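# Geometric and topological summary
Here is how the chains run, residue by residue.
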Amino acid sequence: MTLRKILLLAVVLLGIAAFFLFDLGRFLSLDYLKQSQANFEALYAAEPLKVSLAYFTLYVVVTALSFPGAAILTLAGGAIFGLWWGTPLVSFASSLGATLAFLVSRFVLRDSIEAKFGNRLAEINRGIEKDGAFYLFTLRLIPVVPFFVINLVMGLTKMKALTFYAVSQVGMLAGTLVYVNAGTQLAQIDSLQGILSPALLGSFVLLGVFPLIAKWIVGLLQKRKVYARWASVKPARFDRNLIVIGAGAGGLVSAYIAAVVKAKVTLVESHKMGGDCLNYGCVPSKALIKSAKLAHQMRHGETYGLHSTPPTFSFKAVMQRVQDIVRAIEPHDSVERYTGLGVEVLQGHAKLVNPWTVEIALNDGSKQTLTTRSIVIAAGARPFVPPLPGLEDSGYVTSDTLWEKFGELDEVPKRLVVLGGGPIGCELAQSFARLGSQVTQVEMAPRVMAREDTEVSELARQALMKDGVDVRTGHKALRVEATGGVKALVVEHAGAEQRFEFDELLCAVGRSARLTGYGLEELGIPTNKTVETNEYLQTLYPNIFAAGDVAGPYQFTHVAAHQAWYAAVNALFGDFKKFKADYRVIPWATFIDPEVARVGLNEQEAKEQGIAVEVTKYGIDDLDRAIADSEAHGFVKVLTVPGKDTILGVMIVGTHAGDLLAEYVLAMKHGLGLNKILGTIHTYPTLSEANKYAAGEWKRAHAPHRLLEWVGRFHDWRRG
């Protein structure tokens, strides 16, 4: 806390102390006011300007310091100055004093509160930014909530001081009028409770409800305005309750939920059921990773007391196994399964004609047009290909196209350049290196997996290099050249150009949402890298929703499925109850070896956001099962609220890290702390014990050492 803050806090505390020490509150009582009314009226008659100014100043000070007595002062305003002069005096003085209290709270307390509760405040501030003025106005209309509490609490948010003043000025006017008018009849008032009769209090409540009704009416008018250009084409009846565009994770779950609640739903997919995850992403990459890991273990058999044997294999057979696994899982996402669940599945290209009509160009060449009450867009994403000169002529592959192209190869690519150091690039670079490719990984950023802590990124880099990947960070790709039949990626590093020759180039620099080709432009639905949605996943048109990669902000299969629940339920039942998508606990994993998994904050994010954390770390090299499996490397790192066992984030590096993370995801989701994990029995010997031991490390650091000393003395005494 700065010197200025300390001085201001000292002044405030001295003022409060003086108020109670000298019993100044007796001057702000109803009895004193009634006894002194004649004297005050005489003073006002003699010196109206001075008395008005003194009253105004006193009111501002009392309100700014949150002293009890503002209600008495308001009555005094009516008793001394009358309704027409007392009302503006009280109105402006109370608003100014409230704003000063707001500013004092902000100046003295907000930084320390943000440091301690940054995550929670961030969510509150987002709400304040959007609807803060509206909710403040509602609170000001209802005098049930103490105004001094509102002043202090609002000061901790990011609401603008001018907004706070303006809304307070208007919102408190009704209550001010009631109290000032009551003050004009001071002789008839026996207690403050008598001013607010049940009937009057009910009127205030109705006033408070009015903004909610007004907001609903405004929302209705905005909705009519959005749909105005389409009013003439809105169907009187609809063919479907819901049409879902895209049969990836988001689309499949949306359609499934609709079918379960007996809605009439159509799912449209232009290519393969199951989307990117089944056909190009999660499933095939994990199948490849498993084959590559087995090849690695064979090559290092001595680790397990066996002979090391260079793996001999047909690369075509490895890639065939990948496709076999995809086909084994395909029935889970098949047309037949979803048809059996009650979903109408149409294979073709969907395009929005208007907010309620979808035109489908079926794969058999025919067309079908359907009307629907609601639509969920779950069109997914595609690999982003940077505009590098010469890249299009190089015959590059992406995480989508490599499975088909490499499936035709008899041998693993001899020289492979992987462009990109994110999770996809790292997983594939390590896998192909383990299968025998000479892999060069090029990343423009100073480190791979830049979203993770520096420590985690460095462990990932070491793991890749240990498997033979030539990791080149800080290298910016410039162009692709082909001379004499030799292809090369030209990069810039430290001001000089370098060339990396390759047989195959894998472009893995990220994925971009599919935003074109299905009518968003024609309907004017805003997009900015993803389809713009509100917290309910609604687009510009309240009946059109988006979920999954096309909506962001996360490009994970499990997040797409998570969003799909909100999109489907809001689409079908949003007229009665809507649910805000919840992103508080989002886990993810990168399946390199060792795996990297995390949920919540990591250290670099906590530092960037100014959130104080306590770090507890347990080394998996100490875990019995990891030692027995010759997998004794990595760690569990837990971030908690300082001095408490409340979990803010977890990072796990090690074998099966993605599986181990689930316990922490559950704990964070349901508000369970490390003490609960420590008190849970974990099977021995399993990797899951790492979670319990991490909790034990935290407990050890918070052991009551002074109490234990006395306990030790007690045991000494017991031994005589």
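This section reports on the structure supplied with the text. (Residues numbered from 1 in each chain as written. Predicted model: local features only at pLDDT ≥ 70, side-chain atom pairs only at ≥ 80, totals over all residues. Heavy atoms only, no water.)

## Thoughts on the state of the cysteines
For the coordinates displayed, the defined rule picks out one disulfide. The disulfide that involves C277 links it to C282, with 2.5 Å between the sulfurs. Handedness here is read from the sign of the S-S torsion; for C277 and C282, about -130 degrees, the answer is left-handed. Assessed through its relative accessible area of 30%, C282 is described here as partly exposed. Not engaged in a disulfide, the cysteine C426 finds its nearest cysteine sulfur in C507; these two sulfurs lie 14 Å apart. The buried category is assigned to C426, whose relative accessible area is 0%. Since its relative accessible area comes to 2%, C507 is described here as buried. (Disulfide = S-S within 2.5 Å. Buried < 20%, exposed > 50% of the residue type's maximum accessible area, 1.4 Å probe, protein only.)

## A short note on helix 21 (residues 657–669)
The end-to-end C-alpha separation of helix 21 is 18 Å, in line with the 18 Å expected for 13 residues at 1.5 Å each. The axis of helix 21 is deflected most strongly, by about 25 degrees, at E663. Listed in full, the buried residues belonging to helix 21 are A657, L660, L661, Y664, V665, A667 and M668. Tucked into the core, helix 21 has its buried residues touching strand 19 (587–590), strand 20 (595–600), strand 22 (635–640), strand 23 (647–654), helix 22 (674–678) and helix 23 (689–701). A positive backbone phi angle near 70 degrees is found at G671, which sits one or two residues after helix 21. (Helix = DSSP H or I, 4+ residues; strand = E, 2+ residues; numbered from the N terminus. Expected span 1.5 Å × (residues − 1). Bend = angle between axes of the 7 residues up to and from the residue. Contact = heavy atoms within 4.5 Å.)

## Remarks on the packing of helix 11 (residues 282–299) against helix 12 (residues 315–329)
Axes are the key here: two packed helices are described by the angle between their axes and the distance separating the axes. Direction vectors running N to C along helix 11 and helix 12 enclose 135 degrees, while the axes themselves pass 9 Å from each other. Viewed along their axes, helix 11 and helix 12 adopt a mutual orientation that is oblique. Classified by chirality, the crossing of helix 12 by helix 11 is right-handed. On helix 12, the residues touching V283, P284, A287, L288, K290 and S291 of helix 11 are V318, M319, R321, V322, I325, V326 and I329. Looking at the contact of helix 11 with helix 12 residue by residue, the classes come out as ten nonpolar, one polar and two charged. (Axes fitted to C-alpha atoms, helices over the stretch in contact; angles between N-to-C directions. Parallel < 35°, antiparallel > 145°, perpendicular 65-115°, else oblique. Left-handed = near helix turned anticlockwise from the far one by under 90°. Nonpolar A, V, L, I, M, F, W, Y, C, P; charged D, E, K, R; others polar.)

## Points about helix 5 (residues 147–154)
I150, N151 and M154 are the residues of helix 5 that are buried. The buried side chains of helix 5 occupy one side of the element, clustering within an arc of 100 degrees when seen end-on. (Arc of directions from axis to C-beta.)

## Focus: the environment of L660
Residue placement: L660 occurs in helix 21. Taking the relative accessible area as the measure of exposure, L660 reaches 8% and is therefore buried. Here the alpha-carbon distance between L660 and S688, two residues 28 residues apart in the chain, equals 6.0 Å. Beyond its immediate sequence surroundings of up to four residues, L660 is in contact with I652, T655, L687, S688 and N691.

## Overview of a nonpolar patch on the surface
On the surface, Y256, V260, V261, L341, F573 and F576 cluster together into a nonpolar patch covering about 570 Å² of accessible area. You can see V261 is positioned in the loop between helix 9 (249–260) and strand 2 (265–269). A residue is classified by how much of its surface remains accessible, and V261, at 37% relative accessible area, is partly exposed. (Patch = residues over 30% accessible without salt bridge, like charges linked within 9 Å, V, L, I, M, F, W, Y side chains within 5 Å. Areas by Shrake-Rupley, 256 points an atom, 1.4 Å probe, with all protein chains shown as cover. Salt bridge = Lys/Arg side-chain N within 4 Å of Asp/Glu carboxyl O.)

## Focus: the sheet that holds strand 11 (residues 476–483)
With antiparallel pairing, three strands are arranged side by side in an open sheet as 11-12-13. Unpaired on one side and paired on the other, strand 11 and strand 13 (496–502) mark the two borders of the sheet. The mean inter-strand angle of the sheet, taken between neighbouring strand axes irrespective of direction, is 25 degrees. Bridging between strand 12 (residues 486–493) and strand 13 involves seven bridges; their strand directions are antiparallel. Its bridge partner being in strand 13, V491 is matched across the sheet by Q498. (Pairing = 2+ DSSP bridges.)

## Topic: the environment of G649
Summarising the element assignment, G649 is placed in strand 23. Taking the relative accessible area as the measure of exposure, G649 reaches 0% and is therefore buried.

## Structural notes on the environment of F238
Along the chain, the position of F238 falls in the loop between helix 8 (198–227) and strand 1 (240–245). Distance from F238 to Q563, taken between C-alpha atoms, is 25 Å for residues 325 residues apart in sequence. Leave out the neighbours within four places in its chain, and F238 touches W356, T371, T372 and R373.

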